[in-house]
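Single-letter residue listing:
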Amino acid sequence: MEEISQNHHDELIIFVNGKKVVERYAEPEMTLLTFIRRKLGLTGTKLGCAEGGCGACTVMVSRFNPHHNQIVHHAVNACLAPLCSLHHCAVTTVEGIGSVANKLHPVQERIAKAHGSQCGFCTPGIIMSMYTLLRNSPQPTMQNIEEAFQGNLCRCTGYRPILEGYKTFTKVEGCCQGRGMANGCCMTSEHQVHGPSPVQPLFNPSEFMPLDPTQEIIFPPELMSLGKKTPRSLRFIGERVQWIQPNSLKELLELKAMYPAAKLVVGNTEVGVEMKFKNLLYPVILSPAYIQELSNIQYTENGIEFGTSVTLTVLGKVLRGAIDKLPSYKTELFQAILEQLRWFAGQQIRNVAAIGGNIMTASPISDLNPVFMAAGCKLTLMSKEGKRIIKMDEKFFTGYRKTAVKPDEILLSIEIPYTKKGQYFSAFKQSPRKEDDIATVTCGMNVVFQDSSNVVQDIQLSYGGMAPTTVLTTATCNRLIGRPWGKKLMEDACSFLAEEMMLSPSAPGGMVAYRRTLTISLFFKFYLTVLHKLAQEHLSDEDVRSDYASAIELFHLDSPTSVQIYQAVPPGQCTDDVVGRPMMHLSALKQATGEAVYCDDIPHYENELYLALVTSSKAHAYIKSIETADAMAVPGVVTFVSAKDIPGSNMTGPVVYDETVLADDQVTCVGHIVGAIVADTQVHAQRAAKAIKITYEELQPVIVTIEDAIINQSFYKPVRMIENGNLTEGFQESDNIMEGEIHIGGQEHFYLETNCTLAVPRGEDGEMELFVSTQAASKTQAVVAKALGVPASHVVCRVKRMGGGFGGKESRSTILSTVVAVAAHKVRRPVRCMLDRDEDMLVSGGRHPFFGRYKVGFKKNGKVVALDVTYYSNAGNSMDLSLSILERALFHMDNCYNIPHIRGIGYMCKTNLPSNTAFRGFGGPQGMMVAESWISDVAVCCGLPADQVRKMNLYKQGEITPFNQCLEQFTIERCWEECVNISDFYQRKARVELYNKQHRWTKRGLSIIPTKFGISFTAVFLNQAGALVHIYTDGSVLITHGGTEMGQGLHTKMIQIASRTLEIPISKIHISETSTNTVPNTSPTAASASSDLNGMAVYNACQTLLQRLETYKASNPKGSWEEWVKAAYFDRVNLSANGFYRTPDLGYDFETNSGRPFNYFSYGVAVSEVEIDCLTGSHKNLHTSIVMDVGKSLNPALDIGQVEGAFMQGVGLFTLEELHYSPQGYLYTRGPGMYKIPAFGDIPTELKVSLLRDAPNERAIFSSKAVGEPPLFLAASVFYAIKDAIFAARTESGLTGPFRLDSPATPERIRNACEDRFTKLCPPPEPGTYTPWDVQV
Ligand SMILES: Cc1cc2nc3c(=O)[nH]c(=O)nc-3n(C[C@H](O)[C@H](O)[C@H](O)COP(=O)(O)OP(=O)(O)OC[C@H]3O[C@@H](n4cnc5c(N)ncnc54)[C@H](O)[C@@H]3O)c2cc1C
Ligand code: FES
Ligand code: FES
């Protein structure tokens, strides 16, 4: 062994994009992501979460494996990969594979041209996942692609276009790449898409460059020869941590004896998260990368022995190989492990995470430990003193995250045994989202039968998620031994499990009744699985009933298929006129190469500093003191910024100034910003921010939930009401009256790019320049100026693009910008801050949770006559935009239904939560969701099909809404009919009914839901926009307008409008950014109205310029654009014009219920079919058809992108995304680990989207319509399809009649609603008798 001296510091050698980088002082705490972004300036790779949960940071890591003489390529999360783990590795980032300037890589080109990049922030990560897959498998299957994307999230696109684009690489579904077909490319031919013609593809694959695997960058030969040498031990010494990489097992064991508290880091997927988010410090890290014994894989007599550094990807590969080779009875356990691995994290994590890390973390929700424990795997432990072998049994885990392994020991290997004849093994994992999610309950189940019988010889049931450790249900198992496998055993086992698997009602993680039910339901699945196998072996007289068979099918997803239908441009439209054509997002290619610059990609100023927020840990308290001494002692810290440093006003807010920039004496929510640390680097600033000590005096009451607010009458003023007709009469006319309630949970925006601001003091006259990721440039300018005490004219706010906004950057982003500007003003240096995901989720609020209570009167035939509905929204600790959001909910309380007598009242609850804010739909979805709840209740009460009741109540053209607006150009009926047709609604319904008759434990549901969405800001003054258009003497055109680009393609549409108006090709037109010094007083880019408003302003400016050029065109009709421009210039004509637009005839008065709140309405209808697993609560989205009226589409590709993206965000809202708050207002869900947005696997297996044809809208630019928000609500069709399926399940248990289902319809809610004999064994704890872990806010 070569000893390494304590002070010796090695150089780290790494190749990045083919270039050698030698890092002399590699910092062990630095991640690869920080290194490539900060040190190498390669900003294409993005930071989305820093916890391995979003994939934005994906890069390809290639290593030479000397033992197999092989180069391996892996997709890796750069945010978790320690730089030091990459010695002698080659890293490829998105910049390394292609660029717009040189040559695009096909992976980059195809995602862009297939419209798979909207905001583009996820795009580099998705590209690198795909690129790595192609490096390993140039002709993948669709399944390979879906697996490769398990660790990538996109918040904009709805995933469909990404899959469509990449399908062209596949062997089976793939395209001929323009080479194989007589009549062009296979993908452009009619057979690709079905549905009403004319159907046009959204992109043309024959334009795609073919993939040529021989052109990829090669693995650096230098690394290959370095890899062949015997490695030397390494030591990297950092500021607080040292990284030691010994080169022999002996040395590793000596080091472990010397540093018993040292962590053994392989994948760093646990340790990295602990260091970043739990603020843990491990001064010594031991990397066993060179220790061959830990990577060995050996077939033994009893099974396969794996060294504990073997990664999960390799584990899966080896087990698959064994399953192929061995008789299936021997591999029952291997198959169960593979099933667990299928749903274990994403590919990037599995590529680096090791078996040992999973065992040794001893997490109670580990997916492998229950399997290893139920199998009784043998573990070999080793220390300097020698080896010992122990069994993974109930004694192995000694407490929460503790094991029987001694501090000086390491876990050397695990032997995973073969199963025997007469032994059966299953593993199950239940989680809120199927892909890449941590388990709610996870288990391994193992039964051994006495020779050729169905009598239990031994049984082990091991669960995770039910206690602080993985547990074995020994009491239950002991009582099952010696008994035949049959109904009686099953029933007893369920009762025993209900007794043994108890949970405190306050158990961390909540969902107590559900988790208990799961332990039984999963056992029931195991029981049926084994019963079936025994029957097949003729060892049981009984087999699984045919209607029970689907209960034992493993959850699998079919590859999605899709159809998009839109109206082609009229024949004869000039080819240069791109309006109405599916043009690619103009930044898509740059986004795909990493060249697109987002706020945090702006190069650093030399004297720039970084800011980290200090936030409150109490929901309601006085600040008694703030101690900064420890923080100031952290190296690199420059200052602490508090309310005292604000030169102007500390009061802020988008409408009313009712909140502070920095809390002065009182905090009113957890996450309230109290101050900020400014330091030389992000690491130092964040470390110091954590060292600030605040003492509080807690105040009462702490109001967290809507329920609390109602009890305390804690409401903001005013209370809003819309009333029409006569309620008393309406209820008298009704045959039936029923009451109901629904709670609609909030939603986190989860834009992939978190809030970011760079503030640069200009040094003169208090001028400040801000680079911000915001939807509201002018508002940012105004509130920053107010806080700095300078006129707005001294502050410039610039927005290049955002990595998603969705309303989350409309008003809440201004607070961060103000804090950063105040800090920059204080230190007189540029200051930057990009919030970490957990901070962003904590401080920035989200969609308002709503509670709706209704009383509805209706006729026997389902016609609704009267409705009295009350809405409560959880506004949080300041007003923000809550009033307009509540108003919009009330404006949408009717959805599409004509109710003669109606009253809606709305309250805004003032609570101790971070202020909730705008979110796509802006209260509309919540308003309509309540409507769909009462109408589905009415259908159930009347015993009528819900679609019939909905249709009967629909408005007709020319009818009047409760707010007295006439419905003109009302297209709902057309959308409805087309949607019924394209979804085969009635045939589908018959199939669903038949399915439900034949299946007891899985049920299908179907629903059709309409939507009507009012377009305009309801604050009338915001319905204005400006534009500035310059024509330069070379003929090039620069446009600035009031809107911001957040992925929705606004700039693309503006260029299309300018191109048609000026009659010049788009190549001559450019938009650089949005800035307050070019177009002033802009409205936020929101309310879906930005294309309408800014489009008209751009059109107006272009018209002015055209008029000025008219003479020159007339005098030289054959001349070129450039010639006309030049002539005008020499004639001293002003070639710059501004444009302006205000929407006419708007204004509504709540007092008199008169005036027009909306310019027009957008309409749509969706049909969805789902399948639920009644035993686990999981569901699959089988089919969705959407017909959306977007007027005459400006750009069908962008509009379909908005429809699908909004729909998927709605799927998240209504079925998946759940914020968990403690009763004290502490937000638990602060990252993708706990907060699940839809992933690739959540898109409907079959998706049809049609833009309604021949539906011009005379009230917006070029007859188009707004599209950003309206389609979101159509995802309610999935929710109500789930409710329909639950109804079928409840009917089996004899439960009929309406039932309450709150949103989102999570697995927990679905399972709990499917009441049956198992749920009866696990009744929910009595409310009020305990303090729950979380509360419904
Ligand atoms: C995004 C994400 C998703 C995840 N999803 C899942 C999931 O679905 N299911 C699940 O179960 N887990 C999941 N995890 C947890 C984690 O990935 C696994 O536990 C993983 O197996 C840990 O391996 P590692 O090599 O990265 O561990 P590391 O972080 O490198 O180490 C973890 C711990 O193990 C110790 N250790 C490692 N090897 C040894 C050894 N040989 N001897 C002694 N101690 C050792 C280390 O000292 C450390 O304490 C997820 C994590 C992330 C970040
Ligand atoms: S930033 Fe790395 S996975 Fe999200
Ligand atoms: S395009 Fe995927 S997150 Fe925006």
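Structure report, in brief. (Residues numbered from 1 in each chain as written. Chains lettered and ligands numbered in written order. Predicted model: local features only at pLDDT ≥ 70, side-chain atom pairs only at ≥ 80, totals over all residues. Heavy atoms only, no water.)

### Notes on the overall build of the protein chain
Looking only at helices and strands, the protein chain features 37 helices and 49 strands. At 31 Å, the protein chain has a C-alpha radius of gyration in line with the 34 Å of a compact globule built from 1337 residues. Along the longest, intermediate and shortest principal axes, the C-alpha atoms of the protein chain span 95 × 80 × 80 Å. Within the protein chain, buried positions represent 65% of all 1337 residues. Considering only residue pairs separated by 6 or more positions, the protein chain has 77% of its internal contacts joining residues 24 or more positions apart. For the protein chain, the separation between the mean place of its 126 positive charges and that of its 136 negative charges on side chains is 2 Å. (Helix = DSSP H or I, 4+ residues; strand = E, 2+ residues; numbered from the N terminus. Rg over C-alpha atoms; globule rule 2.2 N^0.38 Å. Buried < 20%, exposed > 50% of the residue type's maximum accessible area, 1.4 Å probe, protein only. Contact = heavy atoms within 4.5 Å. Lys, Arg positive; Asp, Glu negative; His and termini not counted. Charge placed at Lys NZ, Arg CZ, Asp CG, Glu CD.)

### Topic: the nonpolar core
Among the nonpolar cores identified, the biggest contains 326 residues, and Tyr166, Tyr463, Trp485, Phe523, Leu611, Ile677 and Trp934 are the most heavily contacted of them. Core analysis: the next-biggest nonpolar cluster, separate from the first, contains 76 residues, Leu12, Phe236, Ile285 and Val310 among them. (Core = buried A, V, L, I, M, F, W, Y, C linked by side-chain atoms within 4.5 Å.)

### Comments concerning the side chain of Arg1311
Within the secondary structure layout, Arg1311 lies in helix α36 (residues 1307-1313). Here Arg1311 falls in the buried class, since its relative accessible area comes to 0%. Residues within four places of Arg1311 in sequence aside, it is in contact with Tyr514, Thr517, Ser521, Cys1174, Leu1175, Thr1176, Gly1177, Asp1316, Phe1318 and Thr1319.

### With respect to the site of ligand 1
Close to ligand 1 lie 32 residues; Gly267, Thr269, Glu270, Asp367 and Leu411 are nearest. The separation between an oxygen atom of ligand 1 and a polar main-chain atom of Val266 is 2.9 Å. At a separation of 2.9 Å, an oxygen atom of ligand 1 approaches a polar backbone atom of Asn268. Protein chains bury 93% of the 990 Å² of accessible surface belonging to ligand 1 in isolation. For the shell around ligand 1, the secondary-structure elements that each account for two or more residues are β8 (263-264), α13 (355-361) and β16 (410-417). Of all the elements, α13 adds the most residues to the shell around ligand 1, at five residues. Split by residue class, the shell around ligand 1 holds 15 nonpolar, 10 polar and seven charged. (Near = heavy atom within 4 Å. Polar contact = N/O pair within 3.5 Å; in protein donor to acceptor, adjacent residues only side chain to side chain. Areas by Shrake-Rupley, 256 points an atom, 1.4 Å probe, with all protein chains shown as cover. Nonpolar A, V, L, I, M, F, W, Y, C, P; charged D, E, K, R; others polar.)

### As for helix α6 (residues 160-167)
With eight of eight residues buried, α6 lies mostly within the body of the structure. All buried positions along α6 are accounted for by Arg160, Pro161, Ile162, Leu163, Glu164, Gly165, Tyr166 and Lys167. Packed against the buried residues of α6 are α3 (106-113), α4 (123-136), α5 (142-148), β21 (561-565), α34 (1196-1215) and β49 (1246-1251).

### Section: the pattern of salt bridges
In this structure the tally under the stated criterion is 65 salt bridges. Glu1073 is paired through a salt bridge with Arg798; the nearest N and O atoms lie 2.5 Å apart. Highlighted residues: Glu1073 in the loop between β42 (1069-1071) and β43 (1074-1075) and Arg798 in strand β34 (residues 795-799), separated in sequence by 275 residues. Per residue, the accessibility class of Glu1073 equals that of Arg798, and both read buried. The shortest N-O distance in the salt bridge between Asp1189 and Lys1265 comes to 2.7 Å. You can see Asp1189 sitting in strand β48 (residues 1179-1189) and its partner Lys1265 sitting in the loop between β49 and α35 (1276-1292), a full 76 residues away along the chain. Residues Asp1189 and Lys1265 agree in their burial class; the two are buried. (Salt bridge = Lys/Arg side-chain N within 4 Å of Asp/Glu carboxyl O.)

### With respect to the packing of α3 against α4
Where α3 contacts α4, the axes come no closer than 9 Å and their chain directions differ by 130°. Taken together, the axes of α3 and α4 are oblique relative to one another. Here the hand of the crossing between α3 and α4 comes out right-handed. On the side of α3, the interface is formed by Val107, Gln108 and Ile111, while α4 contributes Thr123, Ile126, Ile127, Met130, Tyr131 and Leu134. Considered class by class, the residues forming the contact of α3 with α4 number seven nonpolar, two polar and no charged. (Axes fitted to C-alpha atoms, helices over the stretch in contact; angles between N-to-C directions. Parallel < 35°, antiparallel > 145°, perpendicular 65-115°, else oblique. Left-handed = near helix turned anticlockwise from the far one by under 90°.)

### Observations regarding the packing of helix α31 (residues 1050-1062) against helix α32 (residues 1090-1115)
In contact at an axis separation of 9 Å, α31 and α32 are set at 30° when each is read in the N-to-C sense. With respect to each other, α31 and α32 are oriented roughly parallel. Here the hand of the crossing between α31 and α32 comes out right-handed. Only Ser1090, Ser1091, Asn1094, Gly1095, Val1098, Tyr1099, Cys1102, Gln1103 and Leu1106 of α32 make contact with α31, whose side of the interface consists of Leu1050, Lys1053, Met1054, Ile1057, Ala1058, Thr1061 and Leu1062.

### Observations concerning the environment of Ile737
Relative to the elements of secondary structure, Ile737 occurs in strand β31 (residues 736-744). Accessibility expressed as a relative area gives 42% for Ile737, which makes it partly exposed. When sequence neighbours within four positions are dropped, the list of residues in contact with Ile737 reads Phe731, Lys855, Val856, Gly857 and Phe858.

### Some points on the packing of aromatic side chains
Applying the stated criterion to the full structure yields 45 aromatic pairs. The ring of Tyr329 is capped by Lys421, whose NZ or CZ atom sits 4.7 Å from the centre of that ring. Sitting over the face of the ring of Tyr1280, Arg950 holds its NZ or CZ atom 5.5 Å from the ring centroid. (Phe/Tyr/Trp six-rings, centres within 6.5 Å; stacked < 30°, edge-to-face > 60°. Lys NZ or Arg CZ within 6 Å of the ring centre and 35° of its normal.)

### Re the pairing of strand β44 (residues 1136-1142)
The two faces of β44 differ: Ala1137, Gly1139 and Tyr1141 on one face are buried, but Ser1136, Asn1138, Phe1140 and Arg1142 on the other face are not. By the bridge criterion, seven bridges tie strand β40 (residues 1024-1031) to β44 in an arrangement that is antiparallel. Its bridge partner being in β44, Val1029 is matched across the sheet by Ala1137. (Pairing = 2+ DSSP bridges.)

### Thoughts on the pairing of strand β12 (residues 378-383)
Burial within β12 is extensive, with five of its six residues counted as buried. Between the end of β12 and the start of strand β13 (residues 386-391), which pair antiparallel, lie two residues.

### So, the sheet that holds strand β41 (residues 1037-1041)
If you trace the four strands from one edge of the open sheet to the other, you get β42-β41-β40-β44, paired in mixed fashion. The outermost strands of the open sheet, each flanked by one partner alone, are β42 and β44. Geometrically, the sheet is characterised by an average inter-axis angle of 25° between neighbouring strands, direction not taken into account. Across the face of the sheet, α31 comes into contact with β41 and β42 while running at roughly 150° to β42.

### What to know about the sheet that holds strand β6 (residues 234-237)
The four strands lie next to each other as β6-β7-β9-β8, forming an open sheet whose pairing is mixed. Since the sheet does not close on itself, it has two edges, and those belong to β6 and β8, each with one partner. As judged from the two bridges shared by β8 and strand β9 (residues 284-286), these two strands associate in the parallel manner. From the neighbouring strand, Lys263 faces β9, where its bridge partner is Ile285. Set on the sheet, helix α8 (residues 249-258) makes contact with β7 (242-245), β8 and β9; between it and β9 the angle comes to about 155°.

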